[in-house]
Number of protein chains: 2
Amino acid sequence: MHLATVAHPGGTSAAVLDGDVWRALPAADLSAFLAAGSPLPAAARAGEVIDGAVPVLPLPAPRKVICCGLNYAEHIRETGRELPTHPTLFTKYADSLTGPGDDLVLPAGLQVDWEAELAVVVGSTLRRADRATALAGIAGYTVANDISVRDWQYRTLEWFQGKAWDGATPVGPVVVTPDEVDPARGLEVVCRVNGEQVQRDNTRTLVFDPADLLAYISTFTVLRPGDLVLTGTPGGVGVAREPQRFLADGDVVETEIPGIGGLRNTVRFTD
Amino acid sequence: MHLATVAHPGGTSAAVLDGDVWRALPAADLSAFLAAGSPLPAAARAGEVIDGAVPVLPLPAPRKVICCGLNYAEHIRETGRELPTHPTLFTKYADSLTGPGDDLVLPAGLQVDWEAELAVVVGSTLRRADRATALAGIAGYTVANDISVRDWQYRTLEWFQGKAWDGATPVGPVVVTPDEVDPARGLEVVCRVNGEQVQRDNTRTLVFDPADLLAYISTFTVLRPGDLVLTGTPGGVGVAREPQRFLADGDVVETEIPGIGGLRNTVRFTD
């Protein structure tokens, strides 16, 4: 199933794709739908067709958005590091997120970089979960770009301040359930800037896969339905290039995982 | 004013201290009271006396809990680093917090360490605030202990996974408004383990003061009423001692800021 939060003339709704139409799920958005714990297959058949539906940010209210860094072998090598024994984790906020077609509005003068990523949507409450429980607790997968403000990220030892700029992490457009896509079998993760491919790798090469990450995180903090875990980015980021390359005002960033969907966001610098 | 969330036989309530009695504020807890934006002095006079009131975790539902590391000159020196030009920031969750007298329940076998801290409670919505706006947006100050799981903190470059263990960061018991305490004039921050003083320093020596931190954070992410900013810990943490010292099952950690109040928490290791 393909799930989304869709905007329509009357507001927003959680929705499920049925052929080429979106049918309403009983909640105003996918965060609320997952939090309510409604059974998906039953809900999917019940809803009315939503006319004029446009997918927006699918999860507007995750309580936790946790990101893994250094999780693709090639990206790890380009930063000059060894393969990790534990996942490197940092955080964003619900405020950090924005929709699949929204502009990325940031103050001018920052070193803004791309990081295409597979994102995992939590479907169950997970507390000290083993791998099997974590895997069964995945609601689905979506696309994210962990847009990073490199000059702030590297001001101090902790990356958080370069990672959690409000409205700068596009997510969506749909959440695809695990019966349809399997990162272990392989999903291509692609980033293009103004049409030029700058990142491409496959989730088969993840050091820590989605179930590893959810189980590991749940050891120290509970995960709940609608929480979001970003699985890390492949090689090809701008900061690791020679010469370094950062996003400019008006640049168009496309982030795509074939089988899930794509984001298209334009950088807009403000004073 | 001294504000709190108090437990009483009928539930919980936001409350204000009037002499030696707690008077009810119109909300179930201080998070909800601050979010509603009620004027404090008016509310303070209106409430009924709450019999059997016991202060608990004052802010059960902050959307953001942001911590500053390396902010006391002596603590920075003990870690072998230079004075910073920017604050080092990392995050916890509402789930990380626990009450002023609660046990710190953690799995056995972790390297658990203390970090006594002054915590700042946000009172206004702050977005790209300057220092003066940030200072005016402080609702008050409370006491926190940024209990840290050192083996997890240092597994990777990012400290988050050692800092955000559920229910391991005691906060409270009261929030004191800025008319009564001023970190710039100086507040002693003290930590004792089983009665032995292990940390003592003064907030006069903070590299980044509360207004600096709120203004800086608000550059990249909005702060809202009830959010919490922990200002960093003085020298004397266990991991920096020779030999290193970590907390054992049954150890009693007291965290005190005279003029605000004190926490008293017992470490309980589980299997």
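Calculation rules
Residues numbered from 1 in each chain as written. Chains lettered and ligands numbered in written order. Predicted model: local features only at pLDDT ≥ 70, side-chain atom pairs only at ≥ 80, totals over all residues. Helix = DSSP H or I, 4+ residues; strand = E, 2+ residues; numbered from the N terminus. Rg over C-alpha atoms; globule rule 2.2 N^0.38 Å. Buried ≥ 20, exposed ≤ 12 C-beta atoms within 10 Å, placed from the backbone. Contact = placed C-beta atoms within 7 Å. Pairing = 2+ DSSP bridges. Axes fitted to C-alpha atoms, helices over the stretch in contact; angles between N-to-C directions. Least-squares fit on C-alpha atoms with pLDDT ≥ 70 in both. Core = buried A, V, L, I, M, F, W, Y, C linked by C-beta atoms within 7 Å. Domains from an automatic or database assignment. Nonpolar A, V, L, I, M, F, W, Y, C, P; charged D, E, K, R; others polar.

## Brief notes about the overall build of chain A
So, step 1. Regarding its fold elements, chain A presents seven helices and 18 strands.
So, step 2. Radius of gyration (C-alpha) of chain A: 18 Å, near the 18 Å computed for a compact globule of 271 residues.
So, step 3. Looking at chain A as a whole, 54% of its 271 residues qualify as buried.
So, step 4. Relative to all contacts within chain A whose residues are 6 or more apart in sequence, the contacts with residues 24 or more apart total 73%.

## Notes on the sheet that holds strand β15 (residues 196–202) of chain B
All names here are of chain B.
So, step 1. Pairing within the open sheet is mixed, and its five strands lie in the order β8-β18-β17-β14-β15. Each edge of the sheet is formed by a strand with only one pairing partner; in this case those strands are β8 (104–107) and β15. In this sheet, neighbouring strand axes are inclined to one another by 20 degrees on average, regardless of whether the strands run parallel or antiparallel.

## Re the relation of the copies chain A and chain B
So, step 1. Rotating chain A by 180 degrees about the axis while translating it 0.0 Å along that axis superimposes it on chain B, leaving an RMSD of 0.0 Å. Accordingly, the operation relating the two chain copies is best matched by a two-fold axis. It is Glu-158 of chain A whose C-alpha, among those of chain A, lies nearest the rotation axis, at 2.9 Å.
So, step 2. Mapped onto chain B, 100% of the interface residues of chain A again fall at the interface, so both copies present the same surface.

## A look at the nonpolar core
So, step 1. Counting 162 residues, the largest nonpolar core has Ala-119, Leu-214 and Val-229 of chain A together with Ala-119, Leu-214 and Val-229 of chain B as its most contacted members.
So, step 2. Leu-214 of chain A has contacts with Val-120, Val-122, Leu-126, Ala-129, Ala-134, Gly-137, Ile-138, Leu-223 and Val-229 of chain A, leaving out every residue within four places of it along the chain.

## A look at the pairing of β15 of chain B
Residue and element names in this part refer to chain B.
So, step 1. As judged from the six bridges shared by strand β14 (residues 188–193) and β15, these two strands associate in the antiparallel manner. Of the residues in β15, the one forming a bridge with Cys-191 is Gln-199.
So, step 2. Once β14 ends, the chain turns through two residues before running back antiparallel as β15, passing Asn-194 with a positive phi of about 50 degrees.

## Focus on the domain arrangement of chain A
All names here are of chain A.
So, step 1. As assigned here, chain A comprises domain 1 (2–56) and domain 2 (65–270).
So, step 2. A straight line from the C-alpha centre of domain 1 to that of domain 2 covers 24 Å.
So, step 3. Listed by partner, the interface residues are ten residues for domain 1 and twelve residues for domain 2.
So, step 4. Listed by contribution, the elements that provide at least two residues to the side of domain 1 that touches domain 2 are β1 (2–8), α1 (30–36) and β4 (54–56).
So, step 5. Top contributing element to the side of domain 1 that touches domain 2 by residue count: α1, with four residues.
So, step 6. Broken down by class, the residue content of the side of domain 1 that touches domain 2 amounts to seven nonpolar, three polar and no charged.

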